[in-house]
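So the chains spell out like this:
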Amino acid sequence: MAVVDTQAKNQTMATQAAKSEGLILVNTGNGKGKTTAALGVALRAVGNGLRVLILQFIKGGSTYGELKAIKALQEAGLPIEIRPMGKGFIFHNKETSEADLMAHKAAADTAWQMLTEEVMSNHWDLIIFDEINYAIKFGLLPVEQVVALLDKKPAPLHVVLTGRDAQPEIIAKAHTVTEMKVIKHAYEQGIKAARGIEF
Ligand code: ATP
Ligand code: MG
């Protein structure tokens with residue numbers, strides 16, 4: 001099929017998709033796959049011509065393979081973007097200092113401000129709030145604030161919220177909630193996080 005035809009078809013699909021009711025999806029639970037499943041949705045969505053933003057709470061840095069892959073998609077002209085806005089997973093460490101917590105709080109506030117603007121901008125058809133449940137759980141974001149944003153978001157916008165321990169208020173707002181359950185994890189067998197699988 002000619003490139004122009006493909007573009008026209010993608011635009012039609014995007015218009016149709018944008019007209020329908022936006023879905024709220026939640027990937028939670030202790031098992032592996034919450035973020036990777038959300039990235040799968042992002043891939044599927046952008047392949048259908050939807051404009052996709054992935055905004056990552058907690059996560060920072062550039063080690064994640066998805067950053068490079070999404071950048072390549074973007075450079076190839078697909079409407080997809082990923083923004084890591086956090087300072088890393090430090091809460092596993094019981095010694096988290098007050099200063100670290102303040103830095104996390106400041107990063108979450110900045111991410112939140114950006115998220116609110118992007119949600120209300122009508123620039124996107126799908127926004128992934130990666131690890132937001134974790135940010136809520138650790139007190140970096142009040143759950144009421146997140147629920148209020150879900151209430152006022154543009155109707156056609158799809159959103160995916162990921163992270164362990166999704167709060168009941170978030171689950172109540174969602175259309176689709178999936179709990180990843182650990183049966184086994186390589187980590188418990190002493191295997192370190194594998195490049196390309198875990199990051
Ligand atoms: P992924 O990004 O691989 O889809 P996730 O989003 O489900 O994982 P997170 O809670 O975001 O999981 O955890 C981040 C990291 O911890 C990832 O590297 C992930 O593979 C790893 N992980 C997830 N579940 C477990 C587990 N039950 N035990 C140990 N490590 C885990
Ligand atoms: Mg995750």
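Everything below is about the structure shown above.
Below is a short write-up of the structure. Everything numeric in this text was worked out from a predicted model, so none of it was measured.

### Section: helix α2 (residues 34–47)
Every α-helix winds through 3.6 residues per turn, so residues three or four apart in the chain are directed the same way.
No. 1: The terminal C-alpha atoms of α2 lie 20 Å apart, and with 14 residues this matches the ideal 20 Å at 1.5 Å per residue to within 8%.
No. 2: Residues K34, T35, A38, L39, A42, A45 and V46 constitute the buried set of α2. Seen along its axis, α2 keeps its buried residues to an arc of 130 degrees; they face one direction. Residues of α2 that are exposed and angled more than 90 degrees away from the buried face: L43 and R44.
No. 3: Following α2 by one or two positions, G49 adopts a phi angle in the positive range, close to 85 degrees.

### Thoughts on the coordination of the magnesium ion (ligand 2)
No. 1: Protein coordination at the magnesium ion (ligand 2) comes from T35 (OG1) and E131 (OE), with a distance range of 2.0 to 2.1 Å. Separated by 96 residues along the polypeptide, T35 in helix α2 and E131 in the loop between β4 (126–130) and α5 (132–137) bring together distant segments of the chain.
No. 2: On the accessibility criterion, T35 (15% relative accessible area) is buried.

### Topic: helix α6 (residues 143–152)
No. 1: Along α6, the residues classified as buried are V143, V146, V147, L149 and L150. Seen end-on, α6 carries its buried residues on one side only, within an arc spanning 160 degrees. In this structure, α6 carries E144 and D151 as exposed residues pointing more than 90 degrees from its buried face.

### Structural notes on the packing of aromatic side chains
No. 1: Here the structure, examined in full by the defined rule, presents 1 aromatic pair.
No. 2: Plain terms: the ring middles of Y134 and F138 are 4.9 Å apart, the flat faces sit at 55 degrees to each other, and that makes the pair tilted.
No. 3: For F138, a relative accessible area of 31% puts it in the partly exposed group.
No. 4: Here the basic side chain of K59 rests over the ring of Y64, its NZ or CZ set 5.0 Å away from the ring centre.

### Focus on the sheet that holds β4
No. 1: Taken together, 6 strands build an open sheet; the order of strands is β3-β2-β4-β5-β1-β6 and the sheet is parallel. Edge positions in the open sheet fall to β3 (80–84) and β6 (176–179), since each of these has one partner strand only. Pairwise comparison of adjacent strand axes, ignoring direction, gives a mean angle of 10 degrees for this sheet.
No. 2: For strand β2 (residues 52–56) and β3, the ladder comprises 5 bridges, and the chain directions are parallel. Bridging across to β3, I54 finds its partner in I82.
No. 3: Contacts from α2 reach β1 (24–28), β2, β3, β4 and β5 (158–162), with the element oriented near 165 degrees to β4.

### Focus: the side chain of E118
No. 1: One can find E118 in helix α4 (residues 98–120).
No. 2: Given a relative accessible area of 14%, E118 falls into the buried group.
No. 3: When neighbours within four sequence positions are excluded, E118 is seen to be in contact with L53, R83, H123, W124 and I127.

### Re the environment of V147
No. 1: Mapping V147 onto the fold places it in helix α6.
No. 2: When the C-alpha positions of V147 and E169 are compared, they lie 7.1 Å apart, and in sequence the two are 22 residues distant.
No. 3: Not counting residues up to four positions away in its chain, the partners in contact with V147 are E169, I170 and K173.

### Quick look at the pattern of salt bridges
No. 1: Counted under the stated rule, the structure contains 9 salt bridges.
No. 2: Across the pair K105 and D109 runs a salt bridge whose closest N-O atoms are separated by 2.9 Å. With a gap of 4 residues between them, K105 and D109 both fall in helix α4, about one helical turn apart.
No. 3: A single salt-bridge network, built from bridges that share partners, covers K59, D130 and E131.

Conventions used here
- Residues numbered from 1 in each chain as written.
- Chains lettered and ligands numbered in written order.
- Predicted model: local features only at pLDDT ≥ 70, side-chain atom pairs only at ≥ 80, totals over all residues.
- Heavy atoms only, no water.
- Helix = DSSP H or I, 4+ residues; strand = E, 2+ residues; numbered from the N terminus.
- Expected span 1.5 Å × (residues − 1).
- Buried < 20%, exposed > 50% of the residue type's maximum accessible area, 1.4 Å probe, protein only.
- Arc of directions from axis to C-beta.
- Donors = N, O, S within 2.8 Å, 3.2 Å for Na, K, Ca; no water.
- Phe/Tyr/Trp six-rings, centres within 6.5 Å; stacked < 30°, edge-to-face > 60°.
- Lys NZ or Arg CZ within 6 Å of the ring centre and 35° of its normal.
- Pairing = 2+ DSSP bridges.
- Axes fitted to C-alpha atoms, helices over the stretch in contact; angles between N-to-C directions.
- Contact = heavy atoms within 4.5 Å.
- Salt bridge = Lys/Arg side-chain N within 4 Å of Asp/Glu carboxyl O.

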